[in-house]
Amino acid sequence: MKIGIVGLGFVGLSLTSVLSSKGYDVLGIELDEKKCKKIINGTTPFFEPGLEKILKIGLKKKLKIKNNFSLIKNCDLIFVTVGTPQNVNGEIDLSIIKNAISTIGTNLQESGNNPIIFIKSTVVPGTIENVILPILEKKLNKKAGKDFGLISNPEFLQESNAVKNTKFPHVIILGGHQTKFMIKAKKFFEKLHPNIPITITNYQTAEMIKYANNSFLATKISFINQLSNICQKIPGANIDDIAKAMGLDPRIGKLFLNAGPGYGGSCLPKDMKALINFANSSGIKPTLLNAVEEINNKQLEQIISIIKEKLGDLSLKRITILGTSFKPNTDDIRDSIAVELIKKLLKKKAKITIHDPKAINNTKNIFKNKINYGKSIRDSLSKSQCVIIMTQWKQYEKLNNNDFNYMTKKLVIDCRRMLIKKELNVEYYAIGLGKEK
Ligand code: UGA
């Protein structure tokens, strides 16, 4: 059995590496020549813990990486994992996936193969039935469900946990018609992931499950962020104790209750916008989702108001940002709240120095020489008048009085409450912590 994986981003490359390292015969397709070359040489084009190691194992087995679709015709299972980026109006842009589907169709035309095509890319309900299926049926002059399989198979992996989540997903969703292809798909996943629940449903429901998950996660974050803003007005209140107690209620669960500067990344903000847009266009006013998004958009104001109160006019004030990646253990800065913060502070003419253990190069691509890049944490704090901890990198837990000694004003804003238990000779503010009177 040959498996083709189209698009080698976080989802595609993780699946490619995990399957090939297990010995499956995998063909990975990435059209970007630079990325493709790196992957062929066993280097991942982005930082993801543990991924390079299993990619290399896969490459020593049967894994083939190509930057064209010609070999896709030999594949029995084809996973489409290309991006569906955001359009300016909040809709998702389907051009990349339409192109990929159309090219897969063209390449399958001549082959006698009847593959199953799995759509892992995040698409709004109705896209598979109304957009993807017609392209394939027309190109192939064949019927989905009868001559080839087409199944929605949304992905739930988290960046920085991609390998683990790919090896041990919490659920497998298979959306589509109940055909021989669905039976085959179920067998494949039962073998790959014994004991993991498989939910079989139709296309639209499977597509919606993905948005349901991500919008609920965003809701949890905005909920705890709103509570944390309230806590800041209650002397001595501590959002982490509240989240911990709430999390012990099995009906609530402890995950995604970590208050901070707001959710970022390439998924939650985009998927929230797409779902809001989809609801509006379906005639449903998404009141709750709008509020979740609004809370997220305003969360940075919490930080900016503390800085302004303490530093006054920000022009030429030296501010250090610790962490620009959208979360720890990744170099991804897409839709990172820290990047937003830097943009806002630059508008106020502040002088910014940043530190990040992995995301410096990506940050340089955006800000070039408009900001400074610290060589070490201490270097980035030197002569600074304010430091803001944005990303929960482990390294920042170790910060101590010696590190802050070199600051000209010792103002620390800890968006992740990493230093809360330390005795520090600094003026300390934390999101979600009510200042004692
Ligand atoms: C998210 C989902 O968690 C995955 O299940 C999903 O597959 C993925 O999107 C996707 O759609 O591809 P990811 O974007 O990797 O995964 O990041 P998350 O771990 O969800 O974090 C998103 C943001 O929320 C980060 O900025 C993080 O700092 C923030 N966050 C998360 C909080 O502020 N508090 C929390 O308690 C959890």
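Please refer to the structure higher up on the page.
First, a word on scope: everything that follows refers to the structure included in this document. Sequence order sets the numbering: in each chain, residues are counted from 1 along the sequence as written. Only residues with pLDDT of 70 or above have their local features reported here, since the model is predicted, and side-chain atom pairs are shown and tallied only from 80 upward, although totals for entire chains, interfaces and linings are computed over all residues. Values shown for side chains rest on all heavy atoms present in the structure; no hydrogens or waters enter the calculation.

Turning our attention to the nonpolar core. Residues grouped as a nonpolar core are buried Ala, Val, Leu, Ile, Met, Phe, Trp, Tyr and Cys residues, joined through side-chain atoms within 4.5 Å. Only protein chains enter the accessibility calculation, which uses a 1.4 Å probe; a residue whose area is less than 20% of its type maximum is buried, one above 50% is exposed, and one in between is partly exposed. Among the nonpolar cores identified, the biggest contains 41 residues, and V6, I78, V80, I97, I117, I119 and L150 are the most heavily contacted of them. Only DSSP runs of H or I reaching four residues or more are called helices, and only runs of E reaching two or more are called strands; each is numbered from the N terminus. Those elements giving two or more residues to this core turn out to be β2 (25-29), β4 (77-80), α4 (95-108), β5 (116-119), α5 (127-140), α8 (203-231), α10 (268-281) and α11 (287-311). For this core, the element with the most residues is α5, which contributes six residues. Working rule for contacts: check all heavy atoms of both residues, and any pair within 4.5 Å makes them a contact. Those residues in contact with I97 that lie beyond four places of it in its chain are V80, V82, T84, I119, S121, V123 and I132.

Take helix α13 (residues 360-367) next. Among the residues of α13, I360, T363 and F367 are the ones counted as buried. Relative to the axis of α13, the buried residues are bounded by an arc of 65° and lie together on one face. Looking at α13, the residues exposed on the side facing more than 90 degrees away from the buried face are N361 and N365. Along its buried surface, α13 packs onto α12 (337-347), β10 (351-355) and β11 (372-373). Positive phi shows up at K368, right after α13, with a value of about 45°. The arc in question is traced by the directions running from the helix axis to the C-beta atoms.

Here is the key point about a regular strand: its side chains alternate between the two faces of the sheet. Across the five residues that make up β2, a large majority, four, are buried. At least two bridges found by DSSP between two strands are what make those strands a pair. In the sheet, strand β1 (residues 2-6) pairs with β2 via five bridges, with the strands oriented parallel. Along β2, the bridge assignment pairs V6 with I29. Seen with its strands pointing away from the viewer, a crossover is right-handed if its path from the first strand over the helix to the second goes clockwise. Assessed by its sense of winding, the connection that carries the chain from β1 through helix α1 (residues 10-21) to β2 is right-handed. The pairing of β2 with strand β3 (residues 64-66) spans three bridges and is parallel. Its bridge partner being in β3, G28 is matched across the sheet by I65.

To continue, consider unusual backbone geometry. A positive phi is found at N195, a non-glycine position, where the angle reads about 75°. Positive phi is not limited to glycine here, since K383 has a value of about 65°. Along the chain, K383 turns up in the loop between α14 (377-381) and β12 (386-389).

Attention now goes to a positive patch on the surface. Residues K308, K343, K344, K347 and K348 make up a contiguous surface patch of positive charge. Here K348 lies in the loop between α12 and β10. What makes a patch is a set of residues exposed beyond 30% relative accessible area and free of salt bridges, joined within 9 Å when like-charged and within 5 Å when nonpolar (Val, Leu, Ile, Met, Phe, Trp, Tyr). Only the protein chains shown count as cover for residues, and all accessible areas are computed by the Shrake-Rupley method using a 1.4 Å probe. A carboxyl oxygen of Asp or Glu within 4 Å of a side-chain nitrogen of Lys or Arg is what we treat as a salt bridge. Only four residue types enter the tally: Lys and Arg on the positive side, Asp and Glu on the negative side, with His and both chain ends excluded. A single reference atom marks each charge: NZ on Lys, CZ on Arg, CG on Asp, CD on Glu.

Before going further, it helps to spend a moment on the site of the ligand. By convention in these notes, a residue is near a molecule or strand provided one of its non-hydrogen atoms lies within 4 Å of it. Taken together, 20 residues form the shell around the ligand, and within it F156, L157, Q158, K210 and N214 come nearest. Separating a nitrogen atom of the ligand from a backbone N or O atom of N258 is a distance of 2.8 Å. When isolated, the ligand has an accessible area of 720 Å², and the protein chains bury 91% of it. For the shell around the ligand, the element with the most residues is α8, which contributes four residues. Under this grouping Gly is polar, as are all residues other than the nonpolar Ala, Val, Leu, Ile, Met, Phe, Trp, Tyr, Cys and Pro and the charged Asp, Glu, Lys and Arg. The residue makeup of the shell around the ligand, split by class, is ten nonpolar, four polar and six charged. Under this definition, polar contacts are N or O atom pairs within 3.5 Å; protein pairs additionally need one hydrogen-donor-capable and one acceptor-capable atom, and for neighbouring residues in sequence, both atoms have to be side-chain atoms.

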